[in-house]
Amino acid sequence: MQLKLIPDSLHLPFLKFRFISFIASGLLILLSAVMFFGPGLNKGIDFEGGIMIEIKLDEPPVLSDMRSSLGSLGLGQVSLQTFGASDDILIRVQRQEGGNEAQKIAVDAVKAQLAADYGDDISYRRIEFVGPTVSAELVQTAIEAVLVAVIAILIYIWLRFEWHYSVGAIAALVHDVILTIGMFTITGIEFNLASVAAILTIVGYSINDTVVVYDRIRENFRRYKKMEVKDLLDLSINETLSRTVITSLTTLLALVALFIFGGEVIRGFATAMIFGVIVGTYSSIFVAAPILLQIGLTHHNEEEDGFKPSTDDAIDSEQ
């Protein structure tokens, strides 16, 4: 038995609500900008700099207990991560105010607390200080990565479709990225390199959804040459709605499982992805497609559209 979440006969007038969705998106973008330039992001050690201590214990520790113990030292943000083996722990401590002496005092405090909790049989494999210069380089690299991804997508959509679609896709992508960053500023979730990876993944997911809708719009432009553009866009969104909803739901199921069972280290990434999938689905329906109507996408002749005559032309003459 085939599962159908969306009936084939469903025809929702999405374009009728386009101005409401534009206003809602505009307000959310404004709120995100205010929060970004106001309170700002809760930057992690990756961007603020800090201390990295790699240790190996005799037995795997309970990370929540270790996090609580080190967090009570009053050194600011302390994050833990296992890698390779469950008894190999990477401890990252927020950069302390002051010079190298302040960092050394913080390292000594961490060592003393670990000795009190786990004894003296701890192997310190690496102790490093990530300075502000390295952090600034990471910020620049992260911004460049997002910009390169957006520009590459712009070129791809422009070559595959035409400039209207490229503008619509980039508007939807910028919308998704800004709202995701706004989510970080409002919730105070730590923004680190994993957050950048989440944003890049959201960009890829969102453009995939948008291209599916755009493909159907282009196909319908070929099939229904006399249909009003507004009705044609509505038809295309409705025809791809089932695929869009089911894809988003299955992706969300995996992400919710990751959020619940993935642990504290990956919870920020999972939260950003869950938010991004919801926003990306919304933007592909209420931003990417409606904006085509606002920027003047209309019917062209076959040469301008780049379509070759086909047997489907018989259908057009009947519309």
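Here, every reference points to the structure presented above.
Rules used in this analysis
- Residues numbered from 1 in each chain as written.
- Predicted model: local features only at pLDDT ≥ 70, side-chain atom pairs only at ≥ 80, totals over all residues.
- Heavy atoms only, no water.
- Helix = DSSP H or I, 4+ residues; strand = E, 2+ residues; numbered from the N terminus.
- Contact = heavy atoms within 4.5 Å.
- Phe/Tyr/Trp six-rings, centres within 6.5 Å; stacked < 30°, edge-to-face > 60°.
- Buried < 20%, exposed > 50% of the residue type's maximum accessible area, 1.4 Å probe, protein only.
- Patch = residues over 30% accessible without salt bridge, like charges linked within 9 Å, V, L, I, M, F, W, Y side chains within 5 Å.
- Areas by Shrake-Rupley, 256 points an atom, 1.4 Å probe, with all protein chains shown as cover.
- Salt bridge = Lys/Arg side-chain N within 4 Å of Asp/Glu carboxyl O.
- Lys, Arg positive; Asp, Glu negative; His and termini not counted.
- Charge placed at Lys NZ, Arg CZ, Asp CG, Glu CD.
- Axes fitted to C-alpha atoms, helices over the stretch in contact; angles between N-to-C directions.
- Parallel < 35°, antiparallel > 145°, perpendicular 65-115°, else oblique.
- Left-handed = near helix turned anticlockwise from the far one by under 90°.
- Core = buried A, V, L, I, M, F, W, Y, C linked by side-chain atoms within 4.5 Å.
- Polar contact = N/O pair within 3.5 Å; in protein donor to acceptor, adjacent residues only side chain to side chain.
- Expected span 1.5 Å × (residues − 1).
- Arc of directions from axis to C-beta.
- Nonpolar A, V, L, I, M, F, W, Y, C, P; charged D, E, K, R; others polar.

**Remarks on the environment of Leu297**
For step 1, the next point in the chain: Tracing the chain through its elements places Leu297 in the loop between α10 (290-294) and α11 (302-305).
For step 2, the next point in the chain: Sequence separation between Leu297 and Glu162 is 135 residues; the distance between their C-alpha atoms is 9.6 Å.
For step 3, the next point in the chain: Apart from the residues lying within four places of it in its own chain, the contact partners of Leu297 are Glu162, His164, Tyr165, Phe221, Val229 and Leu292.

**A closer look at the packing of aromatic side chains**
For step 1, the next point in the chain: Under the defined criterion, the tally for this structure stands at 6 aromatic pairs.
For step 2, the next point in the chain: With a centroid separation of 6.3 Å and an interplanar angle of 80°, the aromatic rings of Phe19 and Phe22 are classed as edge-to-face. One end of the pair is Phe19 and the other is Phe22, both in helix α1 (residues 18-37) and 3 residues apart, which spans about a single turn.
For step 3, the next point in the chain: Judged by relative accessible area, which is 46%, Phe19 ranks as partly exposed.

**Section: a negative patch on the surface**
For step 1, the next point in the chain: Negative charge collects at one region of the surface, where Asp58, Glu59, Asp120 and Asp121 lie side by side.
For step 2, the next point in the chain: Turning to its location among the elements, Asp121 is positioned in the loop between α4 (100-118) and β5 (123-130).
For step 3, the next point in the chain: Residue Asp121 is classed as exposed on the basis of its relative accessible area, which comes to 52%.

**Remarks on the packing of helix α6 (residues 163-187) against helix α7 (residues 193-223)**
For step 1, the next point in the chain: The geometry of α6 relative to α7 is characterised by a closest axis approach of 9 Å and an angle of 150° between their N-to-C directions. Classified by the angle between their axes, α6 and α7 sit roughly antiparallel to one another. For the pair α6 and α7, the sense of crossing is right-handed. Contacts from Tyr165, Gly168, Ala169, Leu173, Asp176, Val177, Thr180, Ile181 and Phe184 in α6 reach Ser195, Ile199, Ile202, Val203, Ser206, Ile207, Thr210, Tyr214, Ile217, Arg218 and Phe221 in α7.

**With respect to the nonpolar core**
For step 1, the next point in the chain: Membership of the largest hydrophobic core comes to 50 residues, with the highest contact counts inside it found for Ile157, Tyr165, Tyr214 and Ile217.
For step 2, the next point in the chain: In terms of residue count, α7 provides more of this core than any other element does, 12 residues in total.
For step 3, the next point in the chain: Excluding its chain neighbours within four sequence positions, the residues that come into contact with Ile217 are Tyr165, Leu232, Leu233, Ser236, Ala289 and Leu292.

**Some thoughts on the side chain of Asn238**
For step 1, the next point in the chain: Checked against the element boundaries, Asn238 lands in helix α8 (residues 229-261).
For step 2, the next point in the chain: Side-chain polar atoms of Asn238 contact the backbone nitrogen of Leu12, separated by 2.8 Å.
For step 3, the next point in the chain: Excluding residues that lie within four positions of it along the chain, Asn238 makes contacts with Leu10, His11, Leu12 and Phe14.

**Details of a nonpolar patch on the surface**
For step 1, the next point in the chain: On the surface, a cluster of nonpolar side chains totalling about 520 Å² of accessible area is made up of Ile143, Leu147, Ile151, Ile155 and Leu159.
For step 2, the next point in the chain: By the element assignment, Leu147 lies in helix α5 (residues 132-160).

**Remarks on α1**
For step 1, the next point in the chain: Here α1 is 20 residues long and its end C-alpha atoms lie 28 Å apart, about the 28 Å a rise of 1.5 Å per residue gives.
For step 2, the next point in the chain: For α1, the set of buried residues is Arg18, Ser21, Ser25, Ser32 and Met35. Angular distribution of buried residues about the axis of α1 spans 120°; they occupy a single face of the element. The outward face of α1, more than 90 degrees from its buried face, is lined by the exposed residues Ile20, Ile23, Leu27, Leu30 and Phe37.

**Comments concerning the pattern of salt bridges**
For step 1, the next point in the chain: Counted according to the given criterion, the structure contains 9 salt bridges.
For step 2, the next point in the chain: Linking Asp87 and Lys56 is a salt bridge whose minimum nitrogen-to-oxygen distance equals 3.1 Å. Here the residue Asp87 occupies a position in strand β4 (residues 85-94), and Lys56 occupies one in strand β2 (residues 50-56), the gap between them amounting to 31 residues.
For step 3, the next point in the chain: Exposure remark for Asp87: the relative accessible area of 13% places this residue in the buried category.
For step 4, the next point in the chain: On the basis of relative accessible area, Lys56 is assigned to the partly exposed category, the value being 25%.
For step 5, the next point in the chain: In this structure, Arg216 engages Glu219 in a salt bridge whose closest nitrogen and oxygen atoms are separated by 3.9 Å. One end of the pair is Arg216 and the other is Glu219, both in helix α7 and 3 residues apart, which spans about a single turn.
For step 6, the next point in the chain: The partly exposed category is assigned to Arg216, whose relative accessible area is 27%.
For step 7, the next point in the chain: Overall, Glu219 belongs to the partly exposed group, its relative accessible area being 41%.

**Considering the environment of Ile237**
For step 1, the next point in the chain: By the element assignment, Ile237 lies in helix α8.
For step 2, the next point in the chain: Each C-alpha atom, one on Ile237 and one on Ala289, is 7.8 Å from the other, the two residues being 52 residues apart in sequence.
For step 3, the next point in the chain: Not counting residues within four places of it along the chain, the set of residues in contact with Ile237 comprises Phe14, Leu15, Val213, Ile285 and Ala289.

**Thoughts on the packing of α7 against α8**
For step 1, the next point in the chain: At a closest axis distance of 9 Å, the pairing of α7 and α8 adopts a crossing angle of 145°. Helix-helix and strand crossings are classified by hand; for α7 and α8 the assignment is right-handed.
For step 2, the next point in the chain: Among the residues making up the contact of α7 with α8, the classes are represented as 10 nonpolar, 8 polar and 4 charged.

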